[in-house]
Structure formats: C-alpha cells, structure tokens
Amino acid sequence: MSSAKSAPDESRPPACDRLWKNARLATLNPALPGLGLVENGVIAVQDGRILFAGDATDLPFPIKDAGEIIDCEGRWITPGLIDCHTHLVHAGDRANEFEMRLAGATYEEVARAGGGIVSSVRSLRKVSEDDLVKQTLPRLDALIAEGVTTVEIKSGYGLDLENEAKTLRAARRLGEERDVAIRTTFLGAHALPPEFKGNQAGYVAKIIDEMMPAIEAEGLADAVDGFCEGIAFSTDEMRQVFDAAKAHGLPVKLHADQLSNLHGAALAAEYGALSADHLEYTDEAGAEAMAKSGTVAVILPGAFYFIRETKKPPVNLFRKAGVAMAIATDSNPGTSPLTSLLLTMNMAATLFGMTVAECIAGTTREAARALGLVDEVGTLEPGKWADFAIWNIDRPAELVYRMGFNPLHARIRNGH
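What you see is a predicted model, and the numbers here were worked out from it, not measured in a lab.

Brief notes about the pairing of strand β12 (residues 275-278)
Then comes step 1: For strand β11 (residues 253-256) and β12, the ladder comprises four bridges, and the chain directions are parallel. The residue bridging L254 from the neighbouring strand is A276, located in β12.
Then comes step 2: The parallel pair β11 and β12 is bridged by helix α8 (residues 264-270), and the resulting crossover is right-handed.
Then comes step 3: As judged from the three bridges shared by β12 and strand β13 (residues 296-299), these two strands associate in the parallel manner. Residue pairing for β13: A276 is matched across the bridge by A297.
Then comes step 4: For the handedness criterion, the β-α-β arrangement of β12, helix α9 (residues 284-293) and β13 is classed as right-handed.

Below, the structure is given as structure tokens:
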C-alpha cells in the first residue's frame, strides 16, 4: 500500500505485527447486523491471523504499540473474496461451441454432438502438468487482481486416474506459484469418458474402486463432487460415489438441478454436502432439506448468462427456507469463461435479484462456508487468517454496482 506507515516505541515489544487504522470495515461478522459495518475501524494482525477487528475505541492497546501501522485513509476493508466453484484448470477453449449456441444449439445438443465436457477432456489429456499450470496462471491472476484470496478448483476434464490426478496436482501447484489458498475438488463424476461409451456403470465403478482411493491416498482432494443430471449421472450413481467419498472421509458437493429437477439438492442435503451448486430447478422440498442440513446454495450466474438459460434459481425459496447462499464464477471453458468475481456479483444482483448484502456475503462468508472454511476465513474476526481486501470505494454497494471496474487498493493475505 502507498498509505503512510509508522513505527512503534522500540522500548517495549509490539502489541501486534501490523495494524491497519482509519478504515471502514465490512466485517461480515454474523453477530452484527447486515454486513457487520464498522466506521472507525482498525484491524490488528499477529502471526498472520486477526488479533482484533472492530472499532478503534475498543482496541485493547494503544495504536502506537503496533509493530507496523498502515493508514487506510478512510478506505473500506472486506474479507478477501472467495471463489468457491471453479473449473479453472483446463486446456484450450471452446469458442467454437459458443458460436454453435449463437446459431441456436442447446447445451444438450452441443454435448451430444461430441462437444461439451468431453471436448475439454480431449484437450486436457494432450498436455502436460506444466502446460496446465502455465495456461491456468493468467486466469488465476485475473481473480487475484480483484481481491480473491481463496479459490476452489475442480478436476473433471481428465476422467481417468492419470489425468484427474494431473489436474489436481496442477491445481495444488498454483498455490505454490501464487500467494493464494487453493482448495481442490475431485470431480471424476463429471461426464462419461469416450472409452466408456455405453458402460456408465463401469465408469462409476472405476471412480469408486480405482480413482478415488488413489487420489485420496496422495492427498490431492479436499472434497468430492459430481454432476447429477440427465446428460451426466443419476441420483443412484451419485449415491454410490458419495458413499465411497464418505468411506474415504471426504466431504461432498454436487452440481444439482441445473437443467432439470432430479432432486439433486435433496440428495446433497441427505449426505450433508458442503454445497449444492447451480440449482435452477430446485423445488421447495429441496430448499428445505438444504436448510436443515446446512448445505450452502452456490449460485452461478455466469453459466446461466452464458448458455442463455431462462429458468432462474429460486432465490426467494432459499431466503424463505433460510438456506445460506454463496456466489461463484463457475470459471470453465464451455459454459462460463468468467474470471471476474466482481462481475459475478453484479450478475447475481441484476439477473437473480440478490441484494448487495447477499452478494458480498456470498463471495466471502458464505463462500467460505461452502468450502468448509468458515472457521478460518470469510469474515473479519479474531482468530481467523488475515485475508482481506482494501477498496477505493465510498460504500460497499459499489462492489456490486460497477461493471468492468476494479477498485482494489490492496490485497492482504495472511497479514501481508
């Protein structure tokens, strides 16, 4: 940051490593109303974690006793943004399918013509792990430049052990190449690979008996996901995959109810899933089941917009039932080539009627909840990692209101 810094009295040990003063905070602290706003805010950080975040008058030591003091000059601070649903690691693009859809082809028609996910599988299998990292870094950098501090990355374009593991290793390496937290998700049940055409049961068995044990043994996945849809996997098949994930101690997530209502949201809730994602066709029973289980609804407006869907996710149902809602880019080459979480918030507001508070919570606190990380990140509270973003804005609504404009002043990760 370019703001003024000062040093403490060297005659005594510092009260904290760093302190940001003269800030306005959107803490997202659930104990406070709305966004948990604090006008006269300070954040004190020790050993990479938040020691204090709140009103300067409540700080338990003099500001001058901090090891380093950063003057925010009235800027707003939010928790670091979290993109909780991406397919960021992929090879090539699918711009040709974009043209097909412009000519009138539906998502299902593109998939059945050999496009869709299987097209990305062919591309990914041809490239090395190093190439995957190289191709993905610009996409990751775009997210980081907007204040993103945590990114979830799914596999699902390999569809065999070698290439699924390659994808997840590449995703892990991104967290070494850049100062960002990476969470990886094994999405073997994404589509049927060409070599298993006509043998869906055989591929599900391969996921369960070969792929998942090897990936879990290597520690490559933080969760297991699947695509429950007519063009992908049935609820019975997903039950088998989820039972295996449970046996391996891995939490689950689910692409559910995107193109039809197969009651995927209720299935996810039955297994205590971290999240169910897409959800355009989710019904009241599904929403109530998610609320009961604590399963987060991950809203993905990029895919809705890009494939020109008309059925909106039932945001009002989720509100009524008390389902936590997160928002994510769904960044992928075929149906959401989107690498701006700020634009995603605007889309969620304008397309689905989500409020400013819902959009900001959906990319911070609730996104952390969707990854099982809400005890570590997602709010400005003592004990959590000091991941936050400092913005050149006059009010939090600007983060949702603007399009194609990035007001990030500084991105802080683990207190640096």
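Quick word on the packing of aromatic side chains
Then comes step 1: All told, the structure shown has six aromatic pairs when counted by the stated rule.
Then comes step 2: Aromatic side chains F242 and Y271 sit 5.4 Å apart centroid to centroid with 70° between the ring planes, which places their arrangement in the edge-to-face category. Here F242 is found in helix α7 (residues 235-247), whereas its partner Y271 is found in the loop between α8 and β12, with 29 residues between them in sequence.
Then comes step 3: For F242, a relative accessible area of 0% corresponds to the buried category.
Then comes step 4: With centroids separated by 5.0 Å and ring planes inclined at 75°, the aromatic side chains of F304 and F352 adopt a geometry described as edge-to-face. Highlighted residues: F304 in helix α10 (residues 301-306) and F352 in helix α12 (residues 341-352), separated in sequence by 48 residues.
Then comes step 5: Through a chain of ring-to-ring contacts, three or more aromatic side chains come together here, namely F196, Y203 and F233.
Then comes step 6: Across the ring face of W385, the terminal group of R49 is positioned such that the distance to the ring centre comes to 3.8 Å.
Then comes step 7: One cation-aromatic arrangement involves R402 over F405; the distance from NZ or CZ to the ring centre is 4.6 Å.

Considerations on the sheet that holds strand β9 (residues 181-189)
Then comes step 1: Ordered by their spatial adjacency, eight strands build an open sheet running β7-β8-β9-β10-β11-β12-β13-β14, and the pairing between neighbours is parallel. Where the open sheet ends on each side, the last strands, each with one partner, are β7 (81-83) and β14 (325-327). Here the strands of the sheet are splayed against their neighbours by 25° on average, with no regard to which way each runs.
Then comes step 2: Examined bridge by bridge, strand β8 (residues 148-154) and β9 share five bridges and lie parallel to one another. Directly across from K154, in β9, lies its bridge partner T185.
Then comes step 3: Docked against the sheet, helix α6 (residues 200-217) engages β9 and β10 (223-228), running at close to 150° with respect to β9.

What to know about the nonpolar core
As a rule of thumb, soluble globular proteins bury nonpolar side chains together.
Then comes step 1: Counting 91 residues, the largest nonpolar core has V151, F186, M238, V241, M290, F318 and M354 as the members making the most contacts within it.
Then comes step 2: Beyond its immediate sequence surroundings of up to four residues, M354 is in contact with I299, V315, R319, M325, I327, A348, A349 and C359.
Then comes step 3: Of all hydrophobic cores here, the second largest spans 17 residues; its members include I70, C72, A386 and A410.

Quick word on the UniProt feature "binding site: Fe(3+)" (unreviewed entry) in the chain
Then comes step 1: As recorded in UniProt, the feature "binding site: Fe(3+)" (unreviewed entry) lies at H85, H87, H255 and D330. With the annotated positions falling across 246 residues, the maximum pairwise C-alpha distance of 12.3 Å places them together in a single cluster.
Then comes step 2: Within the secondary structure, H85 sits in the loop between β7 and α1 (95-102).
Then comes step 3: In this structure H85 touches E152, K154, H255, D277, V298, L300, A328, T329, D330 and S331, once residues within four positions along its chain are discounted.
Then comes step 4: Looking at the element boundaries, H87 is found in the loop between β7 and α1.
Then comes step 5: With a relative accessible area of 3%, H87 lands in the buried category.
Then comes step 6: Not counting residues within four places of it along the chain, the set of residues in contact with H87 comprises K154, S155, Y157, L187, H190, H255, D330, S331 and N332.

Conventions and cut-offs
- Residues numbered from 1 in each chain as written.
- Predicted model: local features only at pLDDT ≥ 70, side-chain atom pairs only at ≥ 80, totals over all residues.
- Heavy atoms only, no water.
- Pairing = 2+ DSSP bridges.
- Helix = DSSP H or I, 4+ residues; strand = E, 2+ residues; numbered from the N terminus.
- Right-handed = clockwise from strand over helix to strand, strands pointing away.
- Phe/Tyr/Trp six-rings, centres within 6.5 Å; stacked < 30°, edge-to-face > 60°.
- Buried < 20%, exposed > 50% of the residue type's maximum accessible area, 1.4 Å probe, protein only.
- Lys NZ or Arg CZ within 6 Å of the ring centre and 35° of its normal.
- Axes fitted to C-alpha atoms, helices over the stretch in contact; angles between N-to-C directions.
- Contact = heavy atoms within 4.5 Å.
- Core = buried A, V, L, I, M, F, W, Y, C linked by side-chain atoms within 4.5 Å.
- UniProt positions renumbered as here; feature names shortened; annotations may be inferred.

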